[in-house]
Amino acid sequence: REIWGNHVHHGLWSSGRESIREATEALVEQAFSGIRLRPGMRVCDVGCGYGETSRHLVRNHGVEVVGYTVSSAQYELARSVTLDDVNPSFVLGDWLVADVPDNTFDVVSSIESSEHMPDLERFFAEAARTLKPGGRFMVCTWLSRQGPSDWELRHLLEPICSEGRMRMGSEREYRALIEAAGLSVDRFEDLSDRVARTWTLCLAGMVRGLARRRDYWQFLLHDPSRNKEFALTLVRIRLAYALGAMRYAIFTATKPRTAARAS
């Protein structure tokens, strides 16, 4: 958070002069730009992190948001910095077994949480089940290029996934999973070139921290947490973007208003 702020996702740059906050909020607006949010709509923010996206949606669009996170640290911080206990609200729990009633939400969204789901098929199925008929689904996700080289897999993508405790699918795989869940994909937007600057700035922030703060060195050299591996991952991610091995995209999809008839 010290390096990047409470939005634990990529930023989106148009001019390159945007602040980190402006860029991360621009990504949120771009992600929801095809959904036409209206006041009073019920939105589920799956993998809400520290709740910054949820708060942004409430503040700027007047929607009702419930955010899900499996992290107790994220949950406690999200609640502590949210003035309204009712909207947005946060749930500490696993989305895959959330037991949300059918047809609950107008919108289900996920910004960079699908990569961490142990069961992607279930993730999309739950989104489809909990959406109202005609409801919209949106996911921003890290992707691998279709058919990466052996070198890219061995030295970039596989280490990134291992160190980040995640997995990256391809555009083709995500489309197939979304459609298998009964949703109709109506938008795919590749933003790779406009979000890659995120990692240049993250690397710069880490270097500044190492130059000025002893606790950064203590974390890297002595802290038992596996999270310190992510320092090396920053370099891999930036290189993966530069080579085109890693991509970043938005998918949106719609739940049919009526169930398909059996033939």
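Residues numbered from 1 in each chain as written. Predicted model: local features only at pLDDT ≥ 70, side-chain atom pairs only at ≥ 80, totals over all residues. Heavy atoms only, no water.

Engineer: Honestly, the nonpolar core in this entry has me stumped. Any pointers?
Structural biologist: Burial of nonpolar side chains together is a common tendency in soluble globular proteins. Phe32, Leu37, Trp142 and Tyr248 are the most contacted members of the largest nonpolar core, which has 39 residues in total. Within the residue set of this core, elements represented by two or more residues are α1 (20-31), α2 (52-61), β4 (105-111), β5 (131-144), α5 (150-164), α8 (197-212), α10 (230-243) and β7 (246-254). Core analysis: the next-biggest nonpolar cluster, separate from the first, contains 27 residues, Val100, Phe137, Phe251 and Ala253 among them. (Core = buried A, V, L, I, M, F, W, Y, C linked by side-chain atoms within 4.5 Å. Buried < 20%, exposed > 50% of the residue type's maximum accessible area, 1.4 Å probe, protein only. Helix = DSSP H or I, 4+ residues; strand = E, 2+ residues; numbered from the N terminus.)

Engineer: For this particular structure, what's the right way to read the sheet that holds strand β1 (residues 42-46)?
Structural biologist: Neighbouring strands of a sheet are bound in pairs by backbone hydrogen bonds; such pairs are parallel or else antiparallel. As summarised here, the arrangement of the seven strands in space is β3-β2-β1-β4-β5-β7-β6, forming an open sheet in which the pairing is mixed. The open sheet has two edge strands, β3 (89-92) and β6 (184-190), and neither has a second partner. Going across the sheet, the axis of each strand differs from the next one's by a mean of 15°, ignoring polarity. Sheet analysis places β5 next to β7, joined by nine bridges and oriented antiparallel. (Pairing = 2+ DSSP bridges. Axes fitted to C-alpha atoms, helices over the stretch in contact; angles between N-to-C directions.)

Engineer: Would you mind showing me how to read the packing of α1 against α2 here?
Structural biologist: Pairs of packed helices are described in terms of their axes, by the angle between the two and the distance that separates them. Where α1 contacts α2, the two axes come as close as 11 Å, and the packing angle between them is 70°. Accordingly, the angle class assigned to the pair α1 and α2 is roughly perpendicular. Residue-level inspection shows Arg21, Glu25, Val28 and Glu29 of α1 in contact with α2, the latter providing Glu52, Thr53, His56, Leu57, Arg59 and His61. Its residues assigned to classes, the contact of α1 with α2 comprises two nonpolar, three polar and five charged. (Parallel < 35°, antiparallel > 145°, perpendicular 65-115°, else oblique. Contact = heavy atoms within 4.5 Å. Nonpolar A, V, L, I, M, F, W, Y, C, P; charged D, E, K, R; others polar.)

Engineer: What exactly am I supposed to notice about the packing of aromatic side chains here?
Structural biologist: Aromatic ring pairs are defined here through the distance separating the ring centres and the angle between the ring planes. Applying the stated criterion across every chain yields a total of eight aromatic pairs. Their ring planes at 85° and their centres at 5.8 Å tell us that phenylalanine 124 and phenylalanine 137 sit as a pair that is edge-to-face. Taken together, the residues phenylalanine 124 in helix α4 (residues 120-130) and phenylalanine 137 in strand β5 connect sequence positions 13 residues apart. For the pair phenylalanine 124 and phenylalanine 137, a shared accessibility class is recorded, and that class is buried. Counting every residue linked through ring pairs, the aromatic cluster contains Phe123, Phe124, Phe137, Tyr174, Phe188 and Phe251. (Phe/Tyr/Trp six-rings, centres within 6.5 Å; stacked < 30°, edge-to-face > 60°.)

Engineer: Where do I start with the environment of histidine 10 in this structure?
Structural biologist: When you line up the elements, histidine 10 lands in the segment before α1. Once the C-alpha coordinates of histidine 10 and threonine 198 are considered, the two residues, 188 residues apart in sequence, prove to be 5.8 Å apart. In terms of polar contacts, histidine 10 uses its side chain to reach the side chain of tryptophan 199, at 2.8 Å. (Polar contact = N/O pair within 3.5 Å; in protein donor to acceptor, adjacent residues only side chain to side chain.)

Engineer: Explain the side chain of histidine 56 to me, please; I cannot follow it from the model alone.
Structural biologist: Turning to its location among the elements, histidine 56 is positioned in helix α2. Assessed through its relative accessible area of 3%, histidine 56 is described here as buried. Setting aside residues up to four positions removed in sequence, histidine 56 forms contacts with Glu25, Val28, Glu29 and His61.

Engineer: It is not clear to me how the pairing of β4 should be interpreted in this structure. Could you clarify?
Structural biologist: Both faces of the sheet carry side chains from a regular strand, because those side chains alternate between them. With respect to burial, β4 is a largely interior element, seven of its seven residues being buried. Pairing geometry for β1 and β4, over three bridges, is parallel. Directly across from valine 43, in β4, lies its bridge partner valine 107. In this sheet, β5 lies alongside β4 in parallel orientation, the contact comprising six bridges. If you follow valine 108 over to β5, its bridge partner there is phenylalanine 137.

Engineer: Any chance you could explain the pattern of salt bridges here in plain terms?
Structural biologist: Where charged atoms from two side chains of opposite charge come close, those side chains can pair. Scanning all chains against the criterion turns up 15 salt bridges. Glutamate 126 is the partner of arginine 122 in a salt bridge, and the nearest nitrogen-oxygen pair spans 3.7 Å. Taken together, the residues span about one helical turn, with arginine 122 and glutamate 126 both in helix α4 at a distance of four residues. Residue arginine 122 is classed as partly exposed on the basis of its relative accessible area, which comes to 36%. Taken together, the shared-partner salt bridges in this structure form one network comprising Arg21, Glu25, Glu52, Arg55 and Arg59. (Salt bridge = Lys/Arg side-chain N within 4 Å of Asp/Glu carboxyl O.)

Engineer: Can you walk me through the pairing of strand β2 (residues 64-69) in this structure?
Structural biologist: Taking burial as the measure, the six residues of β2 include five buried ones, the bulk of the element. When β1 meets β2, the two strands line up parallel, connected through five bridges. In the strand pairing of β2, aspartate 45 is matched with glycine 67. Alignment of β2 against β3, held across four bridges, turns out to be parallel.

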